[in-house]
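One letter stands for each residue in the lines below.
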Amino acid sequence: MAWCGAPRAARRLLLPRCAVWRRRIASCIDPSAGLTEEQKEFQSVALDFAAKEMAPHMAEWDEKEIFPVDTMRKAAQLGFGGIYVKPDVGGSGLSRLDTSVIFEALSTGCTSTTAYMSIHNMCVWMIDTFGNEEQRRRFCPSLCSMEQFASYCLTEPGSGSDAASLLTSAQRKGDTYVLNGSKAFISGGGDADVYVVMCRTGGPGPKGISCLVLEKGTPGLSFGKKERKVGWNSQPTRAVIFEDCVVPVSNRLGAEGQGFSIAMKGLNGGRVNIASCSLGAAHASVLLAQEHLTVRKQFGEPLANNQYLQFRLAEMATRLVAARLMVRNAARALQEELGDAPVLCSMAKLFATDACFEICNQALQMHGGYGYLKDYAVQQFVRDVRVHQILEGTNEVMRIIVARSLLQG
C-alpha cells in the first residue's frame, strides 16, 4: 500500500495533544456556549481530567485492551461514578444536562472508557431510583466510588432489538429466584462486580420481565470469552451466563413485571449519555482535522487553503453544533420528565451518533493516509464511535420510535 505525504519519520503523533484542543476552540463550536457558570466548572474539571489522565493513555488502553480501573476510580473521586445519583448514597446529584456535558468532555480523552462509565452510571441510577432503601445503601456507595463496577444485562443472543422477547428465566423458589440463560455483548462482563439483569419471571412479552441485581461470585454465574472488537477496547465485553444461579428475592428492583419499564427508563438516559460520548469524539476530531489542515502542505500550500476542505470542515462544525443542541435539549426534557422525553432522547441518539460518526470519519479522510495509522488519534475515534449507532437501541429502532410517535400521536 502506498502512503501519501512525508516520510514515516516526519509523522506527528497527535494523541497527547489534548491540551491544545481547548486553547484553539473557535467560539462557534465552543462546547461551553449556553452553559451556566457551574456547568462550565464541571466541564472544565472533566476536560482537564480527560487531557491529563485519559488522553495520554488512550492508544495504549486500546492497543493492549486495558480496562483502566485506577483511572476510573480517580474520576469517581471527582464525582463521576454516580453523576445523577442522589447524594445520600454517594452520588453527585447533578442533572441530566450536567451529565451530558461531563460525558462529552471526558470522551475527548478516551471515548471507549467514557462510554463504559456512562453505562456504569446508568446502572447505579437504576438501583438508586428503583431500589428500596436497603438496596440503595447496600449497592450505591461502592458503585459511586467505583470501588465496584456495574454492568447492564439486557441483550441476549436471540433478542437484541426485540428486547421484550428475552428468554433468560428466573423461577421463584421461596425467597429466591433460580436464573437460567445468557446475556450477550455485556460491557464490563467478567470484570464488573454488580450485574443489573433483566429476566423473565412471568409470561411472554414485556410484562413478564423483572429486574434482578446479581453480584460477582454468585454460584452459577459465569462468563464467556473476552470478545475481540473493532473499537471500545478499553472495556471488556463478554457473554454473561446463568446456570441454576440462585439470587435472593431481596435483590429484585421494583415489583415483578416492572423490569422492562425499568430497562427502558434506564435506556432513555443511556441514549443521551452515549450520544454525549459521540459529541466528545466528534469535537476532538474536528479540532484534530483543523490542526492537520493548518500544518499539512500539498501543492505548495497548506490544505487549509483548499476551498473544498474548508467547506467540508464547515459542514462538520455545523453538524457538531446541531447534534450538541439536540442532545442537550433531550437531556433537559428527560430531567423535567416531559412526556415526549423518550422520543426526544431517541431523536438525539439517532441524529448525534450518525452525525458524529460522519464527522470523525471525514476527519480521518482529511488526514489522508496518516489518518489510517494508529499513530494518529483520529482513527481510534472513528472505531470507538461506530458502535454508538448500534447499542442502546439501534438507530433503526430509534427511527421506529420517532415514526410511531408521529403517526400515533
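Okay, so let's go over this structure. Within each chain, residues carry numbers counting from 1 in the order of the written sequence. Note on the predicted model: pLDDT of at least 70 is required for a residue's local features to be given, and 80 or more for side-chain atom pairs to be given and counted; whole-chain, interface and lining totals, by contrast, use all residues. Excluding hydrogens and water, the side-chain values take into account all heavy atoms of the structure.

1. Focus: the layout of surface pockets
Going by this rule: Think of a 1 Å grid over just the protein atoms. A cavity is a set of points where a 1.4 Å probe fits yet cannot get out, a pocket is an open set with protein on both sides within 12 Å along at least five of seven lines, and lining residues have an atom within 4 Å of a point. Grid points are joined across faces, edges and corners, and a volume is the space filled by probe spheres set on the points. Each helix corresponds to a stretch of at least 4 residues labelled H or I by DSSP, and each strand to a stretch of at least 2 residues labelled E; elements are numbered beginning at the N terminus. When residues are grouped by polarity, Ala, Val, Leu, Ile, Met, Phe, Trp, Tyr, Cys and Pro land in nonpolar, Asp, Glu, Lys and Arg in charged, and all others, Gly among them, in polar.
In this model, the largest pocket occupies a volume close to 1,200 Å³. Mapped by element, the contributors of at least two residues to the lining of the largest pocket are α6 (111-130), β3 (176-187), α8 (259-295), α10 (341-366), α11 (377-386) and α12 (395-408). No other element matches α8, which puts five residues into the lining of the largest pocket. Residues of the lining of the largest pocket, tallied by class, amount to 22 nonpolar, ten polar and nine charged. Looking at the second largest pocket, its volume works out to about 400 Å³. Lining of the second largest pocket is provided by 19 residues; of these, Arg96, Trp125, Leu334, Gln335 and Glu337 occupy positions nearest its centre. Elements with a minimum of two residues in the lining of the second largest pocket: α6, α8, α9 (307-335) and α10. In terms of residues, the lining of the second largest pocket owes the most to one element, α6, which gives four residues. Its residues assigned to classes, the lining of the second largest pocket shows ten nonpolar, four polar and five charged.

2. Overview of unusual backbone geometry
Quick note on the threshold: Note on exposure labels: buried denotes an accessible area under 20% of the residue type's maximum, exposed denotes more than 50%, and partly exposed covers the range between, all computed with a 1.4 Å probe on protein chains only.
If you check the backbone angles, Glu65 has positive phi at about 55° while not being a glycine. Here Glu65 lies in the loop between α3 (58-64) and α4 (69-77). Despite not being glycine, Phe185 has its phi angle at roughly 60°, a positive value. Mapped onto the secondary structure, Phe185 falls in strand β3. Its relative accessible area of 61% is what places Phe185 among the exposed residues.

3. With respect to the pattern of salt bridges
What counts, and what does not: Should a side-chain nitrogen of Lys or Arg be within 4 Å of a carboxyl oxygen of Asp or Glu, the pair is scored as a salt bridge.
Throughout the structure, instances matching the rule amount to 22 salt bridges. The partner of Glu133 in a salt bridge is Arg136, and the shortest N-O contact between them spans 2.9 Å. Of this pair, Glu133 and Arg136 both sit in helix α7 (residues 133-144), separated by three residues, roughly a single helical turn. Judged by relative accessible area, which is 5%, Arg136 ranks as buried. Among the salt bridges present, the one from Glu134 reaches Arg138, with a minimum N-O distance of 2.7 Å. In this pair, Glu134 and Arg138 both sit in helix α7, four residues apart, roughly one turn of the helix. Overall, the relative accessible area of 42% leaves Glu134 in the partly exposed class. Exposure remark for Arg138: the relative accessible area of 31% places this residue in the partly exposed category. Residues joined by salt bridges that share partners form a network here, namely Lys86, Asp88, Asp128, Glu133, Arg136 and Arg137.

4. Things to note about α7
Using the following cut-off: Given a helix with a known number of residues, its expected span is that number minus one, times 1.5 Å. Residue contacts are defined here by distance: any two heavy atoms, one from each residue, within 4.5 Å place the two residues in contact. Think of a polar contact as two N or O atoms within 3.5 Å of one another; within protein, one of them needs to be a possible hydrogen donor and the other a possible acceptor, and neighboring residues in sequence only count if both atoms come from side chains.
Over its twelve residues, α7 extends 16 Å from the first C-alpha to the last, a length consistent with the 16 Å expected when each residue adds 1.5 Å. Taken together, the buried positions of α7 are Gln135, Arg136, Phe139, Cys140, Ser142, Leu143 and Cys144. Where the residues of α7 are buried, they touch α4, α6, β1 (150-153), β4 (194-200), β5 (209-215) and β8 (252-253). Where α7 starts, the residue carrying a side-chain oxygen 3.2 Å from the main-chain nitrogen of Glu134 turns out to be Asn132. Count one or two residues on from α7 and you reach Met146, which has phi positive near 60°.

Note that all results are geometric; they support no functional claim without further evidence.
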